[in-house]
There are 2 protein chains.
Amino acid sequence: MKTSLDCIPCLARHALSAARMATDDEQVHERVLREAIGALSQIDMAASPPVMAQQIHRLVRQVMGVDDPYQSVKQRFTQLALELSGPLRERIAASDDPLGTALRIALAGNAIDFGVYADVSEADLQRTLDRALKVPLEAEIATFRQALLGVSDVLFLADNTGEIVFDRLLIEQLPCPQVTVAVRGAPVINDATREDAETAGLTDRYEVIDNGSDGPGTILTDCSAAFVRRFEQASLIIAKGQGNYETLSDVAGNIVFLFMAKCTVITSRLGCPIDTFQVHWTGQGSREEGA
Amino acid sequence: MKTSLDCIPCLARHALSAARMATDDEQVHERVLREAIGALSQIDMAASPPVMAQQIHRLVRQVMGVDDPYQSVKQRFTQLALELSGPLRERIAASDDPLGTALRIALAGNAIDFGVYADVSEADLQRTLDRALKVPLEAEIATFRQALLGVSDVLFLADNTGEIVFDRLLIEQLPCPQVTVAVRGAPVINDATREDAETAGLTDRYEVIDNGSDGPGTILTDCSAAFVRRFEQASLIIAKGQGNYETLSDVAGNIVFLFMAKCTVITSRLGCPIDTFQVHWTGQGSREEGA
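Please read these numbers as outputs of a predicted model, since none were measured by experiment. (Residues numbered from 1 in each chain as written. Chains lettered and ligands numbered in written order. Predicted model: local features only at pLDDT ≥ 70, side-chain atom pairs only at ≥ 80, totals over all residues.)

1. Details of the overall build of chain A
For chain A, the helix and strand inventory stands at 13 helices and six strands. For a compact globule of 291 residues, the expected C-alpha radius of gyration is about 19 Å, and chain A comes in at 18 Å, within 12% of that figure. With respect to the principal axes defined by its C-alpha atoms, chain A has extents near 55 × 40 × 35 Å. Relative to its 291 residues, chain A shows a buried fraction of 51%. Within chain A, residue pairs in contact and separated by at least 24 positions form 69% of the contacts whose partners lie at least 6 positions apart. (Helix = DSSP H or I, 4+ residues; strand = E, 2+ residues; numbered from the N terminus. Rg over C-alpha atoms; globule rule 2.2 N^0.38 Å. Buried ≥ 20, exposed ≤ 12 C-beta atoms within 10 Å, placed from the backbone. Contact = placed C-beta atoms within 7 Å.)

Put into C-alpha cells, the structure is as follows:
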C-alpha cells in the first residue's frame, strides 16, 4: 500500500512523540523533530507507510542514542493487558460464541497503537474494549470463521505490545492444531518483539519466531529468509494490525487481516468509518466462488 | 507567544492542505509538501506560530505560483456567512441582551479558521453557532462589557473571511462612537483582506484599514507604520482570533481578545478545554484593582 502525503506530517508528529517518550529534554525533542522532517523532505514517497515509519524511527533512535524510546509505555500496556486478561478469558469462556468474543477482544487490542495515536490511555483502551464487545460484527466473525475452516497451521503475525496479550486469548480459541506467533525482529514504535512476547507469557505456550526486521509491519524484503520461508509455508496467515495490512495487502497468500481502521489514509482506502473493526480475508473471493 | 514543537507537523499538514485547495495535481501537492517540510526543518523555533505560518504560506504560494490558494473557500464562506447574517441580525435584535448575543455569534465565527483546521464544513459552522448561542458565557460577556466601558474609539482586528460578516453583527452593537476595522495586508490562509471586507459589505459602513502584513495574526514588526500608529492610538483593541492572540498576547496595550481555542497548543497554555470560547482582556487586572 502506497503512502499518502497525509502520512508525512503524521510521521513528523510521531518522531516528536517518540522523543517525548524517552526524555523530557526539549532540546532533544527539537533536534529529533528537525532531523525527522529533514529526512521526510527527501523520503521516497512510493514506499508503504511502515517502510517510511521504519526509516524515521531508526533515525529517532539513532539521534537519541536510545534503543527503544517506547520501552516504558510498552511495559505499562503489557501490565494493563495482563491485568485485564483474566476477567476477559472468563468472559470468553462464559460466552455463547467464545471464538467471536475472543476475536472482538483481539480487535480492540489493536487500539494500543502508538504508531497511529500520539498517546493511548487506559480509559481509551477500556472504551474500545466495551465498544468491540457491543457493536455488530457478525459478518466479520463469519469471515474469520470461514478463513479458519480446515486450516491445520496458522502463522499469527502479532502487532503491538499489550495487544499480544489479547491476541493470546484469540489464539487459545483457534481450532487449529499448530499456531506460530511472529513478532518484530527489533524494537520499533510499540510493536511487540520477542522480549515483549516473553513478558506477556506467550513464549511459555506457543512457538514464537521473529521476522528479523525493525519495520512496523511485515516488509517481506526486509525480513529474514527463515521468516519468509515460514510465511510462504503457512496454510493461513492471521495478520494483526494496520501496519501488517499496509505492508501485506498487495502480497499473494491466504491472509486474514484483523485490525482497527485508525486513520483517514486507511479509512479512505477501505471506504469505512474511522475506528471501525476490520476483518479482511484475501481468500474470501476464491472460496466464495467455490462455495 | 512562542511556537510549540507541536506546531511543526501541523504547519506541514497545512501546507499540504493549502496545495490541495488550489489544485488537484498530486505532483504539485508533493512538491509543496517537500519544500514546506524542508523549510520547517530549518525554521527559527523561537518565533510565534503565525510568524512561522507566514513563512510557510509564503513558500506555498511561491512554489505554486498562486497568490491566494484559499480564494474559493473564502468566497464560499463569505457567501454562507452573508446568507446566515440576516436571520442572525434578527435574532440579536430580538434578544434580551443584543451585545451578548452578538458576541456569541462573533465568537462562533472564529470556527471558520483554515489555519487550524484542514477543513471546515457548513455543518461544522452551524454546530458551532448553535453551541455558542447555548453555552454559559455570562462571565465572558461581562468581561467584554467591562472592557468597552467609556471607550470612545475601537480598533477591531479582524481575523478570517466569512468570520468578519459575523464580526460586523458584533460591531453594530458596540456602544462606541468610532470603530475602525483592520484586515491583513495581503492574502494568507483564509484571513480577511480589504477585498474580502468589501465583498462582506464592511467597507460600506466602516473605515477599513489594512495592517500591511501577510502574517496570519498581527506581527507588529511586520506591519505598516500607519497601522502601528493606529494600533498605539486606539483606546481599545478588539483582537479577533487565535492568530491575533498568539501574536499580541505579550504586547502592551488595552486589548480584548475574542477567539475559540482550537488546538492543544493554545488550550495547554490557557488551561482550557478544546473548542471553548475565550474572552481575555489585558486591562482586566488593573481595572478590577481600581474598581
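Moving on from the model shown.
2. Overview of helix H5 (residues 98-109) of chain B
Structural remark: α-helix, 3.6 residues per turn; residues separated by three or four positions point the same way. Residues and elements named next belong to chain B. Compared with the 16 Å implied by 1.5 Å per residue over twelve residues, the 16 Å span of H5 between its first and last C-alpha is a close match. With respect to burial, H5 is a largely interior element, nine of its twelve residues being buried. Tucked into the core, H5 has its buried residues touching helix H4 (71-94), helix H6 (122-132), helix H7 (138-148), helix H8 (163-171), strand E5 (255-261) and strand E6 (276-281). (Expected span 1.5 Å × (residues − 1).)

3. Remarks on the interface of chain B and chain A
In this assembly, 15 residues from chain B lie in contact with 15 residues from chain A. Within the residue set of the side of chain B that touches chain A, elements represented by two or more residues are helix H1 (7-22) and helix H2 (26-40) of chain B. A total of seven residues in the side of chain B that touches chain A trace back to one element, the largest contributor, which is H2(B). Residues of the side of chain B that touches chain A, tallied by class, amount to nine nonpolar, three polar and three charged. (Nonpolar A, V, L, I, M, F, W, Y, C, P; charged D, E, K, R; others polar.)

4. Digging into the pairing of strand E4 (residues 236-240) of chain A
All names here are of chain A. Within E4, five of the five residues are buried, leaving the element largely enclosed by the surrounding structure. Alternating residues of E4 divide into Leu236, Ile238 and Lys240 and Ile237 and Ala239, and every residue in both groups is buried. Pairing between strand E1 (residues 153-157) and E4: four bridges, direction parallel. In the strand pairing of E4, leucine 155 is matched with isoleucine 237. Of the pairings in the sheet, the one linking E4 to strand E5 (residues 255-261) comprises four bridges and is parallel in character. By the bridge assignment, lysine 240 is partnered in E5 with leucine 258. (Pairing = 2+ DSSP bridges.)

5. Notes on unusual backbone geometry
For Ile189(A), which is not glycine, the phi torsion reads 45° and is therefore positive. Within the fold, Ile189(A) resides in the loop between strand E2 (178-183) and helix H9 (194-199). Ile189(A) sits in the buried class, given 30 other C-beta atoms within 10 Å. At Asp275(B), a position not held by glycine, the phi torsion is positive, near 65°.

6. Structural notes on the domain arrangement of chain A
Residues and elements named next belong to chain A. Looking at the assigned domains, one finds that chain A contains domain 1 (7-64) and domain 2 (71-290). Here the C-alpha centroids of domain 1 and domain 2 sit 25 Å apart. Its residues assigned to classes, the side of domain 1 that touches domain 2 shows six nonpolar, five polar and two charged. (Domains from an automatic or database assignment.)

7. Quick notes on the nonpolar core
If you look at the biggest cluster of nonpolar residues, it comprises 182 residues, and the most contacted ones within it are Ala12(A), Ala15(A), Ala12(B) and Ala15(B). Discounting residues that sit within four places of it in the chain, Ala15(B) has contacts with Val32(B), Leu33(B), Ala36(B), Ile56(B) and Val60(B). (Core = buried A, V, L, I, M, F, W, Y, C linked by C-beta atoms within 7 Å.)

8. Remarks on the pairing of E2(A)
Residues and elements named next belong to chain A. Pairing of E1 with E2 involves five bridges; the strand directions are parallel. Bridge pairing links leucine 157 to alanine 182 in E2. Pairing geometry for E2 and strand E3 (residues 207-210), over four bridges, is parallel. Each residue of the ladder has a partner; that of threonine 180, found in E3, is glutamate 207.

9. Overview of the sheet that holds E5(A)
Two pairing modes exist for strands in a sheet, parallel and antiparallel, and in both the strands are linked by backbone hydrogen bonds. Residue and element names in this part refer to chain A. Reading across from one edge, E3-E2-E1-E4-E5-E6 is the order of the six strands in this open sheet, with mixed pairing throughout. Two strands in the sheet have a free side with no partner beyond their single neighbour: E3 and strand E6 (276-281). Averaged over all pairs of adjacent strands, the angle between strand axes in this sheet comes to 20°, irrespective of strand direction. (Axes fitted to C-alpha atoms, helices over the stretch in contact; angles between N-to-C directions.)

10. Observations concerning the packing of H5(B) against H6(B)
Working note: a packed helix pair is described by the angle between its axes plus the distance between those axes. Residues and elements named next belong to chain B. One way to put it is that H5 packs onto H6 with a least axis distance of 9 Å and a crossing angle of 150°. Considering the angle they form, H5 stands roughly antiparallel to H6. As H5 runs across H6, the sense of the crossing is right-handed. Touching Arg104, Ile105, Leu107 and Ala108 of H5 are Thr128, Leu129 and Ala132, all from H6. For the contact of H5 with H6, the per-class residue count stands at five nonpolar, one polar and one charged. (Parallel < 35°, antiparallel > 145°, perpendicular 65-115°, else oblique. Left-handed = near helix turned anticlockwise from the far one by under 90°.)

11. Some details on the sheet that holds strand E1 (residues 153-157) of chain B
Residues and elements named next belong to chain B. Strand order in this open sheet of six strands is E3-E2-E1-E4-E5-E6, and the pairing throughout is mixed. Looking at which strands have only one partner, the edges of the open sheet turn out to be strand E3 (207-210) and E6. Put simply, the sheet's adjacent strands are angled 20° from each other on average, direction ignored.

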